[in-house]
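In case you want the letters, here they are:
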Amino acid sequence: MDYFKSKLFLKYIWSYLFILLIPLVFMTVFLYENAVKTLRTEIESSRLAQLSQTNVTIDSRMKELSEIASRISYDNRLSSYRVTNIQTSPEAIRALDQYKATSSMIDEIYLYFHDDTRIYSSKGLTDFEVFADNLSFERWDKQSLYNDLNETKHPTVRPADVVTKTGGVQQDRKLAYLIPITPNSLNPHATVMFFIKESQITNLIDSILGNYQGLTYVLDAEGQVLTANHQGDTLSTDALAALIKGITPGIQERTLDGKDHSIVSVQSETNGWTYMTVMPSSQFFSSVLDVRSFMMMIIGIVLLVGVAIALVLAKMQYQPISTLVEFAASRFPEKKPDGESRNGSANELERIRSALQNYSSRIDIQEPYARNQYLSTLIKSGNPDPLSSELVQLFDLKLNKDYLFVMVIGWNDSKHADMELRRRIASSLAQIELPDLQANGYGVELPQLDRFGLIMSFDSAEGIDLVTRIKQIMEQIRGLLLETLSIPPLIGAGSAYSQLHELTQSYVEACSAFDLLVPGEYGSSALFEEMSKTPSHSYWIPNHMQLKLVQSLKQGNIDIATQMIRSSVTSLQSSMLPALLVRCISFDLLNTILKTASELGEQQMLQQIAPNMVFSSSLEELESVLILLASQLCNEVKKETQHEEQTLIDRIIEYIDTHFTDHNLSLDTLAYEFEVSPSHVSRSFKEKTGINFLQYIWQKRLDRVFHQLKTTDTPLKDLIQEVGYLDTPNFIRKFKKETGLTPGQYRKLHRTTGSDAGTESAS
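These numbers were taken from a predicted model, which means no experiment stands behind them.

**Some thoughts on the overall build of the protein chain**
Here is step 1: Secondary structure assignment for the protein chain yields 27 helices and 18 strands.
Here is step 2: Across the 763 residues that make up the protein chain, the buried fraction comes to 44%.
Here is step 3: Put simply, 63% of the contacts in the protein chain that link residues at least 6 apart link residues at least 24 apart.
Here is step 4: If you sum the accessible surface of the protein chain, you get close to 40000 Å²; carbon and sulfur atoms cover 53% of it.

**Brief notes about the packing of aromatic side chains**
Here is step 1: Evaluation of the coordinates by the stated rule reveals 22 aromatic pairs.
Here is step 2: Taken together, Tyr110, Tyr112, Phe128, Phe131, Phe137, Trp140, Tyr146 and Phe195 form an aromatic cluster joined through their ring pairs.

**With respect to the sheet that holds strand 9 (residues 225-230)**
In a beta sheet, neighbouring strands are held together by backbone hydrogen bonds and run either parallel or antiparallel to one another.
Here is step 1: Taken together, the five strands give an open sheet; going across it, the order is 9-8-12-11-10, and neighbouring strands pair in antiparallel fashion. One side of each edge strand has no neighbouring strand; the edge strands of this open sheet are strand 9 and strand 10 (250-256). On average, each strand axis in the sheet is tilted by 20° relative to the strand beside it, whichever way the strands run.
Here is step 2: Across five bridges, strand 8 (residues 215-219) lies against strand 12 (residues 274-280) in antiparallel orientation. By the bridge assignment, Tyr217 is partnered in strand 12 with Met276.
Here is step 3: Helix 1 (residues 7-74) contacts strand 10, strand 11 (259-267) and strand 12 of the sheet and is inclined by roughly 40° relative to strand 11.
Here is step 4: Sheet contacts for helix 6 (residues 198-209): strand 8, strand 9 and strand 12; angle to strand 9, the most-contacted strand, approximately 55°.

**A closer look at unusual backbone geometry**
Here is step 1: In this structure, the amide linkage connecting Ile181 to the following residue, Thr182, adopts the cis form with an omega of 0°.
Here is step 2: Looking at the element boundaries, Thr182 is found in the loop between strand 6 (170-181) and strand 7 (190-197).
Here is step 3: The backbone phi angle of Asp115 is positive, close to 65°, even though this residue is not glycine.
Here is step 4: Mapped onto the elements of the fold, Asp115 is located in the loop between strand 1 (108-113) and strand 2 (118-121).
Here is step 5: For Glu675, which is not glycine, the phi torsion reads 60° and is therefore positive.
Here is step 6: Relative to the helices and strands, Glu675 resides in the loop between helix 21 (667-674) and helix 22 (678-689).

**Quick look at the pattern of salt bridges**
Here is step 1: Taken as a whole and judged by the stated rule, the model has 20 salt bridges.
Here is step 2: Among the salt bridges present, the one from Arg77 reaches Asp75, with a minimum N-O distance of 2.9 Å.
Here is step 3: Between Arg423 and Asp668 there is a salt bridge, with its nearest N and O atoms 2.9 Å apart. Separated by 245 residues along the polypeptide, Arg423 in helix 12 (residues 419-430) and Asp668 in helix 21 bring together distant segments of the chain.

**Considering the side chain of Asn372**
Here is step 1: Locating Asn372 in the fold gives a position in helix 10 (residues 348-381).
Here is step 2: Only 2.7 Å separates the side chain of Asn372 from the backbone nitrogen of Glu445, close enough to count as a polar contact.
Here is step 3: A polar side-chain atom of Asn372 sits 3.0 Å from a polar atom in the side chain of Ser679.
Here is step 4: For Asn372, the contacting residues outside a window of four places in its chain are Gly443, Val444, Glu445, Ser679 and Arg683.

**What to know about the environment of Thr237**
Here is step 1: Assignment of secondary structure puts Thr237 in helix 7 (residues 237-245).
Here is step 2: Between the C-alpha atom of Thr237 and that of Asp257, which follows or precedes it by 20 residues, the distance is 10.0 Å.

**Thoughts on helix 25 (residues 728-739)**
Here is step 1: For helix 25, spanning twelve residues, the distance from its first C-alpha to its last is 16 Å, which sits close to the expected 16 Å at 1.5 Å a residue.
Here is step 2: What helix 25 keeps buried is the set Thr728, Phe731, Ile732 and Phe735. Viewed end-on, helix 25 has its buried residues packed into an arc of 100°, placing them on one side of the element.
Here is step 3: If you check the start of helix 25, you find a side-chain oxygen 3.4 Å away from the backbone N of Asn730, and it comes from Asp727.
Here is step 4: Of the residues one or two after helix 25, Gly740 is the one with positive phi, at around 85°.

**Regarding the nonpolar core**
Here is step 1: Judged by nonpolar contacts, the single largest core of 41 residues is most densely connected at Met62, Ile72, Leu78, Ile109, Leu111 and Phe194.
Here is step 2: Tallying contributions element by element places helix 1 first for this core, with seven residues.
Here is step 3: Excluding its chain neighbours within four sequence positions, the residues that come into contact with Leu78 are Ile72, Val83, Ala92, Ala95, Leu96, Tyr99, Leu111 and Phe113.
Here is step 4: The next biggest cluster of nonpolar side chains, apart from the first, holds 29 residues, and it includes Val569, Leu572, Leu590 and Val625.

**So, the pairing of strand 3 (residues 124-127)**
Here is step 1: As paired elements, strand 2 and strand 3 share four bridges and run antiparallel to each other. When the sheet's bridge partners are listed, Ile119 is paired in strand 3 with Thr126.
Here is step 2: Here strand 2 folds back onto strand 3, and the loop between the two strands holds two residues.

**Some words on the sheet that holds strand 18 (residues 524-527)**
Here is step 1: Pairing is mixed across the open sheet formed by six strands, whose spatial order is 14-15-16-13-17-18. Here the strands that pair on one side only, and so sit at the sheet edges, are strand 14 (431-434) and strand 18. On average, adjacent strands in this sheet sit at an angle of 20° to one another, irrespective of strand direction.
Here is step 2: Relative to strand 18, strand 17 (residues 490-493) runs parallel, the two being bridged by four bridges. Each bridged residue has a counterpart across the sheet, and for Ile491 the counterpart in strand 18 is Ser525.
Here is step 3: Its contacts with the sheet put helix 13 (residues 466-485) on strand 13 (403-410), strand 14, strand 15 (439-445), strand 16 (451-458), strand 17 and strand 18, and the angle it makes with strand 13 is roughly 40°.

**Considering a nonpolar patch on the surface**
Here is step 1: On the surface, Phe294, Met297, Ile298, Ile301, Val305, Ile309, Val312, Leu313 and Met316 cluster together to form a nonpolar patch covering roughly 800 Å² of accessible area.
Here is step 2: Structurally, Ile309 can be placed in helix 9 (residues 289-331).
Here is step 3: Here Ile309 falls in the partly exposed class, since its relative accessible area comes to 42%.

**Here's the deal with the packing of helix 1 against helix 6**
Here is step 1: Between helix 1 and helix 6, whose axes approach to 9 Å, the crossing angle comes to 145°. Regarding helix 1 and helix 6, the two cross each other, and that crossing is right-handed. Note on element contacts: helix 6 touches helix 1 through Ile201, Leu204, Ile205, Ile208 and Leu209, opposite Arg47, Gln50, Leu51, Gln53, Thr54, Thr57, Ile58 and Arg61.
Here is step 2: When the residues that make up the contact of helix 1 with helix 6 are grouped by side-chain class, the tally is seven nonpolar, four polar and two charged.

**Re the confidence of the model for the protein chain**
Here is step 1: Looking at the protein chain, the pLDDT average stands at 80 and 84% of residues meet or exceed 70.
Here is step 2: Confidence drops under pLDDT 50 across residues 335-346; counting only partners more than four residues distant or on other chains, this segment forms eleven contacts.
Here is step 3: Long-range and interchain partners of residues 753-763, a stretch whose pLDDT sits below 50, account for 18 contacts in this model, where long-range means more than four residues apart.

Thresholds applied
- Residues numbered from 1 in each chain as written.
- Predicted model: local features only at pLDDT ≥ 70, side-chain atom pairs only at ≥ 80, totals over all residues.
- Heavy atoms only, no water.
- Helix = DSSP H or I, 4+ residues; strand = E, 2+ residues; numbered from the N terminus.
- Buried < 20%, exposed > 50% of the residue type's maximum accessible area, 1.4 Å probe, protein only.
- Contact = heavy atoms within 4.5 Å.
- Areas by Shrake-Rupley, 256 points an atom, 1.4 Å probe, with all protein chains shown as cover.
- Phe/Tyr/Trp six-rings, centres within 6.5 Å; stacked < 30°, edge-to-face > 60°.
- Pairing = 2+ DSSP bridges.
- Axes fitted to C-alpha atoms, helices over the stretch in contact; angles between N-to-C directions.
- Salt bridge = Lys/Arg side-chain N within 4 Å of Asp/Glu carboxyl O.
- Polar contact = N/O pair within 3.5 Å; in protein donor to acceptor, adjacent residues only side chain to side chain.
- Expected span 1.5 Å × (residues − 1).
- Arc of directions from axis to C-beta.
- Core = buried A, V, L, I, M, F, W, Y, C linked by side-chain atoms within 4.5 Å.
- Patch = residues over 30% accessible without salt bridge, like charges linked within 9 Å, V, L, I, M, F, W, Y side chains within 5 Å.
- Left-handed = near helix turned anticlockwise from the far one by under 90°.
- Nonpolar A, V, L, I, M, F, W, Y, C, P; charged D, E, K, R; others polar.
- pLDDT = per-residue confidence, 0-100.

As structure tokens, this is what we get:
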């Protein structure tokens, strides 16, 4: 089949592509933006951690310098007297050199006593004028230097400045760190000045930041730039001033010089310095180029795979539709005005809808039987089907309340067993709502013609026990039947259970209670739970176990029979009675099984029991013997039931073959003819023959019509009525659908002589 000629198939492809592309585009944008954002956040968080580490490292180095200055202030070798003394000054110079060696940050160390004309370093004694002339600063003149050395009261760092030696030889950029001594004194007598190369600090920062490419600044507490490291673009003076003015610790974004920048900064708690990195935001996108390329490749692959998947899914979705279209075309061929077939029509769904409408009416007719089949299976075999929950929903069954139980309802007077009355009973019990008791029920047709099952579901009520609630429900059902049908019913009810699969136990109990009813003038009702409490001749074996055992054997239900035997034996084992007495009591179970077998016509079971199976075996072995006997009896009951059903179906088929021309022939007439329920006839007929009742009758009537059309000239209307079909137009439509020909065309095709004008007119 060329799928691409179908507009519906192409529509499916575009639908799947559309469904695929929209989330793909959003997913791609989301993943890309999220990847960039995540990567940027990781870089900024890493930068923040690195700057914090830089802060700690430089603070510790500056603290070392402060400690060196403190030690100098208390070092006797560096007292004013010893430094100025010709004999001890060499020792003082050596001491300064030793202090210099203790820190890698120090480029040079100087000691200056206030109002002195000399300055001391690790290299020796120098006149201040000579010192100032030899080392000149770009932004720190001689007088400012002199004033700062004499007047500084607190540790002060001068921003990095270009230092030039005598002769114009330019040196490195250096920072000057001035610490008055004695530290924290209101009247210091000297100043220790450290020269620190700017490269010492920038290299330290670079070693911590790694391969960072951007701007790095260190600001003092007043916002002056102490040192800066430029890798890549630089900021204008105005942009830098604006940045410094509004900077706050943390991660932020600012527009500087018309570009977006990512700014990460931390502030020292020790000296108030600010460490800051500034990076253009565009550099982050260059960091995700590999991610972008990889994602584009993934998008391309996903797109190709998506197209392939769209084709496969479209084909998978369209294939069953095309199959249904072919089926609809064969079953319901449409004709153009000129008689040409329209199988090439593009409106496939419309043609399928038309076919389904034709079948829906048939399904509606069969649904009550399917519903009854499900409920019947539920009470007889439990709930083993995993699709049962779906069937409950399909048949609109509300069986989800706290408790469920089964009632068996019948009547004793045979005159009530007429067709119309049974329909009214079935209609009344089909679905029951008891709002005041928070209960609802659903009727089930049992095989016996004069009995119905009723599955009740109800919620528990505070202060009312289950037995009382079941009695209330039974009484309302009894009143309903008396009021609407004037029938005194016989009602047997089983115990209430909380699980759906336990309904089979309640059904067995309901059957036991029903069988023990004594009919009265106004009907009769019994609750198994109450009947089982009456004294019995079995003494220590509970009466309800014996009743359920008998009923389960009669129904061929080996599961419940086994459960009752095991429960009875367990009860005996835990009774603490003498062994001989226990053995005697256990014979009640054997007698019950044998008595039931005898009632069912299975007397040969007594001959299968050997003395050693009973008298010389343990209680556990006896239990196995009892279960084996029960299993054999249940199997025989099933075989007998199957044989009876097959015999019944054979009789029904024979009856249909004789009476299929009767237009009144129906499931109801068969049910009352053979004294079984219509649903039982329908279910058994389908199981034994493979086709349903209506199909069988139609085929019989069709075969008769085929024969009559070939061999007689009987007018078509009379012929159709002769086979029991009163609706001639409907028969002709079905005939044409079955054969592709009208009855008149069929007759002409298969008759070699003559023609029937009446036939043509009727067809």
